[in-house]
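Residue-level structural notes
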Amino acid sequence: MQISRAAIVMVIATTTVTGTAAAADNTKRFGEEILDILKEDGTIDQARYQELRAKEAEEARAATSPDRDDWKISYRDALTLERRDGSAKISIGGRLQADFATIHVTDALEAAVSGGDGEGVELRRARFYMQGELNERIFWKSQIEFAKGAVVLADAYIGMKGLGALGSVKVGHMKEPFSLEELTSSKYITFMERSLPAVFDSARDFGLNFSNTLFDQRMTWAAAIMAPTGPSGFSFSSSADFNAGARVTGLPIYRDAGRRLLHLGFSGIYKSRDGTMFRFRRRPEIHLAKRYYDTGDLSSDGAGVIAVELAGVYGSFHFASEWKQTWIDETTLGRQVGFGGYVSAGYFLTGEHRPYETSNATWNRVEPIEPFDPGKGQWGAFEIATRYSHLDLDRDELKGGSGQDISWALNWYLYSSLRISTNYVYADLKSTGVGEDRTRTKGTVHAFQTRVQIEF
C-alpha cells in the first residue's frame, strides 16, 4: 500500500488535536497509532518514523498548553504574571529588613532589666508572599514571615470585590481596620519602628472584613469582626471571644495627584472577652531594646480602643499624628485607662512627596525622581524626619509605665525597592512596669540604629 507524504502529514495534523484527550490519561494518541501502522507496513523507515513521532508529540503538547502570547510577564518591585484577557493575575515578592543597633541605657534601667545595654543585629523581617486575582473579581494573598527563627503566618485571605455598596469582602488572616500607622505596611513607614502608642494596635487575627470607598475615593470605610487568634490563625474555645472594629477616613483636601492632601480618620475596636488576660508590653522605638513598659496580666471581660488620625502632604513636606486610648474592663481593679499619641513630620530634600493610597487610606511606596545612578549624577531620594511620641500606662491602679520618645530619621531611597534608614532615638522613661517597684524605676535610653531594606 502506497500513501503519499502529503497524506501522512494530513492524517497526523488532523488527528493531533483529537488525540489530546488521550494524552491526558497516558493512552496512545491516534496519530501515534497511524505512524505505527505506516512503519509496520514499510511505508516509512525507522528514521522517518522517529522524526514524525517527535513532531506529532510537539504538536500535541502545544495543543494542551496555553499560548505564551496569552500571558505577559513584568517586574516592578515584584514578579507579576498576567493573562492578557484579565482572567488571572499572580504576583510573587517579598521583603528583607536587616537591622543594626547600638543601645545605651542608664544604670537604673540596666538593673531593672539586665542586658539592655549593648549592640546587636537582627533580620527584622524576611517575608515572602504570593497574591493574585481571578476573573477580575476574586483576589487572594498568602504571606509568610521567616525571621526570628520561626515561620509565622502573616496575611492569608481570600476576597471578592465589586459587590456594590458593600465594596469588597475578605475572609482569612489579616490586619484589623485600625490606625493609619498600623495599616501602613512596615515597608513604607517613615521610621524603622512604629510609635509608642502602637502598643494598643491589634495583631493580625482571623475574621471577616468589609471595605469600600466613596466620593471618587475621597472617603473610605471598613468594618470587621475577628476571632483573636494572633499569628497562629487558629482559635477554638468555649468562650465567645471576638473583636469588632471599624475605620472611617476622609480627604477634605486632595490635589495635584496627592502632592497636596489632608487626611482625617477615626477607628475603634471593642474586644469582648470572658475573663481573658490582657497584657500591654512595649519597647521604646527600638526593636532590639528591652520591654520597659509592661502592665502585667490583667483579667478582663473586655476592652475598647480608639484612634483619631490627622495627616497631610504639602509638596515635599508631610506630617502625621494619632491619638489612641484604651479602656480596660478589668475585673479586680475596676476600669482602667491607658493612652498615647504621636506627631511626626518629614521633608524630602530631593523634591519627592510622600505617596498616599486613596483606595485604603494608607501611606505608599516612595518613588525617587532620579533613581541611583552615580554615572549620571543621580543619587536617589533623601528624606529627613522627626517624631515625638508619648505613652501612659500609669493610670489609677494600672501600673505599666509612662514615658516619651523623640526620634530622628534620615532615609535614603536608592530605588523604589531599596532603602537605607538611619534613626537616632532618645527614650525618656518617667516610670516603668519592670523591676521590684513597678512605678519607681526610671531612666533614659539612647540608640543609634540603621536598616537596609529591599522589596522584591
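See above for the structure.
Here goes a summary of the coordinates provided. Please read these numbers as outputs of a predicted model, since none were measured by experiment. (Residues numbered from 1 in each chain as written. Predicted model: local features only at pLDDT ≥ 70, side-chain atom pairs only at ≥ 80, totals over all residues. Heavy atoms only, no water.)

A count of helices and strands for the chain gives six helices and 22 strands. Within the chain, the proportion of its 456 residues that are buried is 48%. Partitioning the contacts of the chain with sequence separation of at least 6, the portion at a separation of at least 24 is 61%. Of the accessible surface of the chain, which amounts to about 22100 Å², a share of 57% is contributed by carbon and sulfur atoms. (Helix = DSSP H or I, 4+ residues; strand = E, 2+ residues; numbered from the N terminus. Buried < 20%, exposed > 50% of the residue type's maximum accessible area, 1.4 Å probe, protein only. Contact = heavy atoms within 4.5 Å. Areas by Shrake-Rupley, 256 points an atom, 1.4 Å probe, with all protein chains shown as cover.)

Following the criterion strictly, the structure yields 22 salt bridges and no others. Across the pair aspartate 155 and arginine 204 runs a salt bridge, and its minimum N-O distance is 3.0 Å. With a gap of 49 residues between them, aspartate 155 in strand S6 (residues 152-160) and arginine 204 in the loop between helix H6 (180-183) and strand S8 (205-214) connect regions that are remote in the sequence. A salt bridge links lysine 324 to aspartate 201, with the nearest nitrogen and oxygen atoms 2.8 Å apart. Within this pair, whereas lysine 324 is found in strand S15 (residues 317-330), its partner aspartate 201 is found in the loop between H6 and S8, the two being separated by 123 residues in sequence. Like aspartate 201, lysine 324 is buried. The network of salt bridges with shared partners includes Asp77, Lys187, Arg365 and Glu455. (Salt bridge = Lys/Arg side-chain N within 4 Å of Asp/Glu carboxyl O.)

What follows deals with the pairing of strand S16 (residues 334-348). The pairing of S15 with S16 spans 14 bridges and is antiparallel. From the neighbouring strand, glutamate 330 faces S16, where its bridge partner is glycine 334. Taken together, the 10 bridges between S16 and strand S19 (residues 381-395) define a ladder with antiparallel strand orientation. By the bridge assignment for S19, tyrosine 342 is matched with serine 389. (Pairing = 2+ DSSP bridges.)

This next bit is on the side chain of threonine 249. Relative to the helices and strands, threonine 249 is located in strand S10 (residues 242-255). Judged by relative accessible area, which is 4%, threonine 249 ranks as buried. Within the structure, the side chain of threonine 249 is placed 2.5 Å from the side chain of threonine 220, a separation counted as a polar contact. Here threonine 249 is in contact with Arg218, Met219, Thr220, His263, Leu264, Gly265, Glu309 and Ala361, once residues within four sequence places are set aside. (Polar contact = N/O pair within 3.5 Å; in protein donor to acceptor, adjacent residues only side chain to side chain.)

By the secondary structure assignment, glycine 164 is in the loop between S6 and strand S7 (168-174). Distance from glycine 164 to asparagine 212, taken between C-alpha atoms, is 8.9 Å for residues 48 residues apart in sequence.

As far as function goes, none of this settles anything; it's purely spatial.
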